[in-house]
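# Reading the structure
Read off the chains here:
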Amino acid sequence: MNRFFTSSLVAAFGLVAVGCGGGDDAASGEAPATEQPAATEAPAASLSVPDWMSVDEAGMTVTLEIVAGKDDSNNRWNFNGYSRGNGTIVVPAGYNVVINFRNDDPNIAHSIGVDALTGNFPATFQNPEPVFAGAISANATSMQEATQPGASESISFTADAAGAYTLICYIPAHAATGMWINFTVSADGAVGFTSS
Ligand SMILES: [Cu+2]
């Protein structure tokens, strides 16, 4: 049986090779059993690099321009117009990440940090620990001392562990009411952004 099967495969491959320039033939309907299954479509397939993201492969650095209150969606409690997880930033593991953060919300302070929580955010955070050292803006929980309307702040960190995280605002009630997007650190080098 194996012998027959193997020779059938050889014949099929042979016909495919010979028949490249031709039209339909009997072999075209018989895919060899050894053909690799198509890879499950990875999220990377739909990633693109928006104008607020730059990727320096040689320098292993991703720079993100993130604006809080970019538009009036989610009562301005958004990052670049995204909220409630409807956007996903993907950076490769081992890369340095620079976030140039600006608060365009005219009304209220916001903050930014990479959190391990991916849902069920508490209303308030006590001394939040970012996933990566340095991955949180100053005084992130304080309405009075976090990034004020019109103010900017930069943070940088090394995304040194692959996984699914979130980019959230730590001001009381903000993450719990949707001021968060997904932040994925890829093990396979995938980089970019996708929205849903
Ligand atoms: Cu906020």
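For the protein chain, the helix and strand inventory stands at 1 helix and 9 strands. Beginning at the N terminus, the succession of helices and strands in the protein chain can be written as α-β-β-β-β-β-β-β-β-β. Burial statistics for the protein chain: of 196 residues in total, 31% are counted as buried. In the protein chain, 69% of the contacts between residues at least 6 apart in sequence involve partners at least 24 apart.

A few words now on the nonpolar core. Soluble globular proteins tend to bury their nonpolar side chains together. Ranked by internal contacts, the top residues of the largest apolar core, which has 39 residues, are I89, V91, L167, I168 and C169. Elements with a minimum of two residues in this core: β2 (61–68), β3 (87–92), β4 (96–103), β7 (163–168) and β8 (180–186). Ignoring sequence-local partners within four residues, the contact set of V91 consists of V62, V97, A159, V185 and V191.

Counted residue by residue, β8 has 7 buried out of 7 residues, so it is predominantly covered. Of the two faces of β8, the one carrying W180, N182, T184 and S186 and the one carrying I181, F183 and V185 are both buried. Note: β3 against β8, 5 bridges, orientation parallel. From the neighbouring strand, V91 faces β8, where its bridge partner is V185.

Next up on the list: the confidence of the model for the protein chain. Predicted coordinates in regions of low pLDDT should not be interpreted in detail. Confidence along the protein chain averages 85 in pLDDT terms, with 77% of residues attaining 70 or more. This model gives residues 1–42 a pLDDT under 50, and the stretch forms 11 contacts once residues within four places in sequence are excluded.

Note: strand β5 (residues 113–115) against β7, 3 bridges, orientation antiparallel. Residue pairing in the sheet places V114 in a bridge with L167 of β7. Relative to β8, β7 runs antiparallel, the two being bridged by 6 bridges. Note that in β8 the partner of I168 across the bridge is W180.

The rules behind each value
- Residues numbered from 1 in each chain as written.
- Predicted model: local features only at pLDDT ≥ 70, side-chain atom pairs only at ≥ 80, totals over all residues.
- Helix = DSSP H or I, 4+ residues; strand = E, 2+ residues; numbered from the N terminus.
- Buried ≥ 20, exposed ≤ 12 C-beta atoms within 10 Å, placed from the backbone.
- Contact = placed C-beta atoms within 7 Å.
- Core = buried A, V, L, I, M, F, W, Y, C linked by C-beta atoms within 7 Å.
- Pairing = 2+ DSSP bridges.
- pLDDT = per-residue confidence, 0-100.

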